[in-house]
Amino acid sequence: KSTTYRIKDALLRWVWAGGLFLLPFIWNPGAAVHYELPRVWFFQRWVEVLVLGAIWTGIPNIKFDRPLVMGVLGWLVVGAVSSVLGVDVTKSVWGNYWRGDGLLTLVHVIALVFLVGIYWKKGWEKSTLLALRVSIWLFVGWWGVSQVVQGWHIEGLAFGQPVYLMGWMLVAVTILV
């Protein structure tokens, strides 16, 4: 493959790994909701950059699992129609004030799944695992230091609640093993 394609592919891999690395650290003390909405906003922008980078790199010739793709898109259409016909269209599209968990976020999650399915390459495991390992190591260390130093409570650092942090760590550690 050409040098230009390899450079584009490397940039796309860095955006992928960089987003995975940064996502746990996104926190805005000035926001009304310190941890969830900034992370949702970051996640959406990250997926949009990945989509644009994937288009820029070039869509490979792949075979889709047609029933799966049609099922997911059908599910999304049913969700969109029910949101439009529902009581609060704005909340259905944008999500609630505390989480931003509307159709827009769902579209971004589905786009991320499709991107990973289309663009995942054999070399990406190393950068993905490295980004996750370093992120988890720094996050857990940062969280531990913030709990030890008196008067240094960072609300968004533990995802707002210890059970959510443990769930995130359980999933992340499972991926790493």
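Residues numbered from 1 in each chain as written. Predicted model: local features only at pLDDT ≥ 70, side-chain atom pairs only at ≥ 80, totals over all residues. Heavy atoms only, no water.

## Topic: the confidence of the model for the chain
Here's step 1: Averaged over every residue, the pLDDT of the chain is 77; residues scoring 70 or more account for 75%.
Here's step 2: Looking across the chain, the model is least confident in helix α7 (residues 162-176), with a mean pLDDT of 63, and most confident in helix α2 (residues 36-57), with 89. (pLDDT = per-residue confidence, 0-100. Helix = DSSP H or I, 4+ residues; strand = E, 2+ residues; numbered from the N terminus.)

## Details of the side chain of Gln-44
Here's step 1: Considering the arrangement of structural elements, one finds Gln-44 in helix α2.
Here's step 2: Engagement of the side chain of Gln-44 in a polar contact is seen with the side chain of Thr-105, the distance being 2.8 Å.
Here's step 3: In this structure, Gln-44 is in contact with Leu-104, Thr-105 and His-108, ignoring residues within four places of it in sequence. (Polar contact = N/O pair within 3.5 Å; in protein donor to acceptor, adjacent residues only side chain to side chain. Contact = heavy atoms within 4.5 Å.)

## Thoughts on the nonpolar core
Nonpolar side chains tend to gather and get buried jointly when the protein is soluble and globular.
Here's step 1: Residues Trp-16, Leu-20, Trp-46, Leu-50, Leu-112 and Tyr-119 are the most contacted members of the largest nonpolar core, which totals 17 residues.
Here's step 2: Of all elements in the fold, only α1 (3-22), α2, α5 (103-119) and α6 (124-148) reach the threshold of two or more residues within this core.
Here's step 3: In terms of residue count, α2 provides more of this core than any other element does, six residues in total. (Core = buried A, V, L, I, M, F, W, Y, C linked by side-chain atoms within 4.5 Å. Buried < 20%, exposed > 50% of the residue type's maximum accessible area, 1.4 Å probe, protein only.)

## Structural notes on the pattern of salt bridges
Here's step 1: Tallying each qualifying case throughout the model produces two salt bridges.
Here's step 2: Of the charged contacts in the structure, one is a salt bridge between Asp-9 and Arg-13, with a shortest N-O distance of 3.7 Å. Placement of the pair is Asp-9 and Arg-13 together in helix α1, with a separation of four residues, close to one helical turn.
Here's step 3: For Asp-9, a relative accessible area of 9% gives the class buried.
Here's step 4: Look at Arg-13 and you get partly exposed, because its relative accessible area is 27%.
Here's step 5: Where Glu-48 meets Arg-45, a salt bridge forms, and the shortest distance between an N and an O atom there is 2.9 Å. Taken as a pair, Glu-48 and Arg-45 lie in helix α2 at a separation of three residues, close to a single helical turn.
Here's step 6: For Arg-45, a relative accessible area of 24% translates into the label partly exposed. (Salt bridge = Lys/Arg side-chain N within 4 Å of Asp/Glu carboxyl O.)

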